[in-house]
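Read off the chains here:
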Amino acid sequence: MAIGISELKTVSALQFDQLQSLHTGTLLTRLKALRSLHECEEQADWTNEEKLAVRSSGLIAFKSEENWKLAFADVKAVLATREHIPRGGKQARQERAQQKQRQ
């Protein structure tokens, strides 16, 4: 039976310079994906074969692993260099959307 790694909740490992070339929205999506991973192997209902396949592929799978900590720190470091534009409150966003529709 083939192991479907693509169906498991994992994140690919990227080098720091690769992260710097990504769009801010892509970085935020990556940060969200990293945060959504399992805390440790015990929380995942994966088989031993799936765990071994993920390890051998170099994917990031669990927050307790060193590669997750490094990937998370790298994304946060790159995002810290980007401009932050506050979203504003829900009411302000709705008003801006209404103004755009009127134009």
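This text follows the structure it describes.
Residues numbered from 1 in each chain as written. Predicted model: local features only at pLDDT ≥ 70, side-chain atom pairs only at ≥ 80, totals over all residues. Heavy atoms only, no water.

S.K.: Help me out: how do you make sense of the nonpolar core in this one?
M.R.: Side chains that are nonpolar tend, in soluble globular proteins, to be buried together. Counting residues in each nonpolar core, the largest one holds 13 residues, and the members touching the most others are Leu 34, Leu 37, Ile 60, Trp 68 and Val 75. Secondary-structure elements contributing two or more residues to this core are helix 2 (24-35) and helix 4 (66-80). If you tally residues by element for this core, the top one is helix 4, at 6 residues. Among residues more than four places away in sequence, those in contact with Leu 34 are Val 11, Ile 60, Lys 63, Trp 68, Ala 71, Phe 72 and Val 75. One finds Leu 8, Trp 46, Val 54 and Phe 62 within the second-largest nonpolar core, a separate group that totals 7 residues. (Core = buried A, V, L, I, M, F, W, Y, C linked by side-chain atoms within 4.5 Å. Buried < 20%, exposed > 50% of the residue type's maximum accessible area, 1.4 Å probe, protein only. Helix = DSSP H or I, 4+ residues; strand = E, 2+ residues; numbered from the N terminus. Contact = heavy atoms within 4.5 Å.)

S.K.: What's the story with the pattern of salt bridges in this structure? I'm lost.
M.R.: Any two side chains of opposite charge can pair, on the condition that their charged atoms come close. Overall, the coordinates contain 3 salt bridges when judged by the stated rule. Close ionic contact of Lys 63 with Glu 39 constitutes a salt bridge, the shortest N to O distance being 3.3 Å. One end of the pair, Lys 63, is in the loop between helix 3 (48-57) and helix 4; the other, Glu 39, is in the loop between helix 2 and helix 3, and 24 residues separate them in sequence. By relative accessible area, which is 40% here, Glu 39 ends up partly exposed. Notably, a salt bridge pairs Lys 51 with Glu 41, separated by 3.9 Å at the nearest N-O pair. Here Glu 41 lies in the loop between helix 2 and helix 3 and Lys 51 lies in helix 3, a separation of 10 residues in the sequence. Sharing partners across several salt bridges, the network here consists of Glu 41, Lys 51 and Arg 55. (Salt bridge = Lys/Arg side-chain N within 4 Å of Asp/Glu carboxyl O.)

S.K.: Please clarify how a positive patch on the surface should be interpreted in this entry.
M.R.: There is a patch of like positive charges on the surface, built from Arg 87, Lys 90, Arg 93, Arg 96 and Lys 100. On the secondary structure map, Lys 100 appears in helix 5 (residues 90-102). (Patch = residues over 30% accessible without salt bridge, like charges linked within 9 Å, V, L, I, M, F, W, Y side chains within 5 Å. Areas by Shrake-Rupley, 256 points an atom, 1.4 Å probe, with all protein chains shown as cover. Lys, Arg positive; Asp, Glu negative; His and termini not counted. Charge placed at Lys NZ, Arg CZ, Asp CG, Glu CD.)

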